[in-house]
Amino acid sequence: MDKVEEFEELRPLLFSIAYRILGSVAEAEDAVQETWLRFDGSATRVASAKAFLSATVTRISIDVLRSARVRREEYVGPWLPEPLLGDPYQDPERSAELADSVSMAALLLLERLSPLERSVFVLREVFGFGFDDVAAAVGRSEAACRQLLVRARRHMRAGRPRFEADRRERQELATRFFDALRDGDVGGLRNLLAADVQLVGDGGGKAPQLARTVSGTDRVARLLASVFPLMARVDVTFEPYEINGQPGAIFRDREGGVLHTLALDVLDGRIHTIRSVINPDKLGHLGPVADAWAVDREVKRARGRTG
């Protein structure tokens, strides 16, 4: 194969590595593009294109993450990863690791790690790279990488939930949730939510967002049941989608523009976390983005007429 064919064959893997390190679709795509430029500009014939390209995209992603962390510390409101509809890289032998690592909950746990810990964890634990390739990618010794992995595993285990739902259970619960949401059924929503459920919204100061995270079965159920029927009155619709491997939906305005995404964490037969991304900067890869402020004004007018 020539360079273009080699690169295109490995592109899904490179994006998947970069996305898990960065939590951003746009930044991951930029990292993959920069990797191609370096590969194309290299006059040396590499022994393994996979090793070379994986190491290159990892180093680029580490640099991007270090600068991104400063911006995330100044972010307005809660920061959530950019929603991903489908992981382009598939490996039947590592399907469980790949699916688990792309969820919103897992990506937020990865945010607690240092860039080096995160990269070592992603390469070794998620993609199964040997320690020699991991060491080459992050520029550390194999012994140092083993220590980084020990610390990363400790952090990840500490934050993981004790119970996990199977795929069929998640989908059935999600179907009931979205039916209750469409109907504004407070009781139906209450029956699906965990006692400590949280509703988290990411607007980044660029779209209407919750003033703070909303917690508790009753408060979350009442808020959802009051807002979404009003949104339906101004022709907002939603389509079920898997968001980061979890049940969710994409909400659209009457012109079909993407308004926001909603992703559900289902554990032990209940919905524990509902995460909404409405920041327009994080939605462009899903299609034309709606004017969330205009929709918000319409919803407020609809509420006034109802009142």
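Parameters at a glance
- Residues numbered from 1 in each chain as written.
- Predicted model: local features only at pLDDT ≥ 70, side-chain atom pairs only at ≥ 80, totals over all residues.
- Heavy atoms only, no water.
- Axes fitted to C-alpha atoms, helices over the stretch in contact; angles between N-to-C directions.
- Helix = DSSP H or I, 4+ residues; strand = E, 2+ residues; numbered from the N terminus.
- Parallel < 35°, antiparallel > 145°, perpendicular 65-115°, else oblique.
- Contact = heavy atoms within 4.5 Å.
- Expected span 1.5 Å × (residues − 1).
- Buried < 20%, exposed > 50% of the residue type's maximum accessible area, 1.4 Å probe, protein only.
- Arc of directions from axis to C-beta.
- Pairing = 2+ DSSP bridges.
- Salt bridge = Lys/Arg side-chain N within 4 Å of Asp/Glu carboxyl O.
- Phe/Tyr/Trp six-rings, centres within 6.5 Å; stacked < 30°, edge-to-face > 60°.
- Core = buried A, V, L, I, M, F, W, Y, C linked by side-chain atoms within 4.5 Å.

Once that is clear, we can look at the packing of helix α6 (residues 115-126) against helix α8 (residues 142-159). Helix packing for two helices is described by the angle between their axes and how far apart those axes are. Their axes nearest at 8 Å, the elements α6 and α8 cross at an angle of 90 degrees. The orientation of α6 with respect to α8, classified from their angle, is roughly perpendicular. Side by side, α6 and α8 meet where Leu116, Glu117, Val120, Phe121, Arg124 and Glu125 of the first sit next to Cys145, Leu148, Leu149, Arg151, Ala152, Arg153, His155 and Met156 of the second.

Here we take up unusual backbone geometry. Trans peptide bonds make up the majority, and among non-glycine residues the majority have a negative phi. Of note in this structure, Asn244 is not a glycine but carries a positive phi near 50 degrees. By secondary structure assignment, the location of Asn244 is in the loop between β3 (237-243) and β4 (246-252).

The end-to-end C-alpha separation of helix α9 (residues 167-183) is 25 Å, in line with the 24 Å expected for 17 residues at 1.5 Å each. Looking only at α9, the buried set comprises Arg170, Leu173, Ala174, Phe177, Phe178, Ala180 and Leu181. Projected down its long axis, α9 carries its buried residues within an arc of 160 degrees, all on one side. Opposite the buried face of α9, by more than 90 degrees, sit the exposed residues Arg168 and Asp183.

Moving on, we get to the sheet that holds strand β2 (residues 214-215). In spatial order, the strands read β2-β1-β6-β5-β4-β3; together these 6 strands make up an open sheet with mixed pairing. Sheet topology places β2 and β3 at the edges, where each strand pairs with a single neighbour. Sheet strands touched by helix α11 (residues 217-233): β1 (193-202), β2, β4, β5 (258-267) and β6 (270-277). Its angle to β1, the strand with the most contacts, is close to 50 degrees.

This part covers the pattern of salt bridges. Counted under the stated rule, the structure contains 24 salt bridges. The closest approach of N and O atoms between Asp281 and Lys206, which form a salt bridge, is 2.3 Å. Remark: Lys206 occurs in the loop between β1 and β2 and Asp281 occurs in the loop between β6 and α12 (292-306); sequence separation between them is 75 residues. Judged by its relative accessible area of 48%, Asp281 is partly exposed. For Arg222, the salt bridge is made with Asp218, and the minimal N-O distance between the two is 3.2 Å. Taken as a pair, Arg222 and Asp218 lie in helix α11 at a separation of 4 residues, close to a single helical turn. Taking relative accessible area as the criterion, Asp218 reaches 36% and is therefore assigned partly exposed. Within this structure, Glu27, Arg71, Arg72, Glu111 and Arg118 form a network of salt bridges that share partners.

Let us now look at the environment of Ala211. Considering the arrangement of structural elements, one finds Ala211 in the loop between β1 and β2. The sequence separation of Ala211 and Gly77 amounts to 134 residues, and the corresponding C-alpha distance is 7.9 Å.

Time to look at the packing of aromatic side chains. Taken as a whole and assessed by the stated rule, the structure comprises 9 aromatic pairs. With 5.2 Å between their ring centres and 55 degrees between their planes, Phe7 and Trp36 make a pair best called tilted. With Phe7 in helix α1 (residues 3-22) and Trp36 in helix α2 (residues 25-41), this residue pair connects regions lying 29 residues apart in the sequence. For the pair Phe7 and Trp36, one class covers both residues: buried. With a centroid separation of 5.0 Å and an interplanar angle of 35 degrees, the aromatic rings of Phe238 and Phe251 are classed as tilted. Within this pair, whereas Phe238 is found in strand β3, its partner Phe251 is found in strand β4, the two being separated by 13 residues in sequence. Since its relative accessible area comes to 17%, Phe238 is described here as buried.

Most of β4 sits inside the fold, with 7 of its 7 residues counted as buried. Residues Gln246, Gly248, Ile250 and Arg252 point to one face of β4 and Pro247, Ala249 and Phe251 to the other, with burial holding for every one of them. In the sheet, β3 pairs with β4 via 7 bridges, with the strands oriented antiparallel. Residue pairing for β4: Glu239 is matched across the bridge by Ile250. Taken together, β3 and the strand that follows it, β4, pair antiparallel across an intervening segment of 2 residues, in which Asn244 is found at a positive phi of about 50 degrees.

One finds Ile17, Tyr19, Phe121 and Phe127 to be the most contacted residues of the largest nonpolar core, which totals 49 residues. Mapped by element, the contributors of at least two residues to this core are α1, α2, α3 (49-73), α5 (104-110), α6, α7 (131-138) and α8. Considering every element that reaches this core, the biggest residue donor is α1, with 10 residues. Within the second largest apolar cluster, 37 residues are counted, among which are Phe177, Ala221, Leu262 and Ile274.

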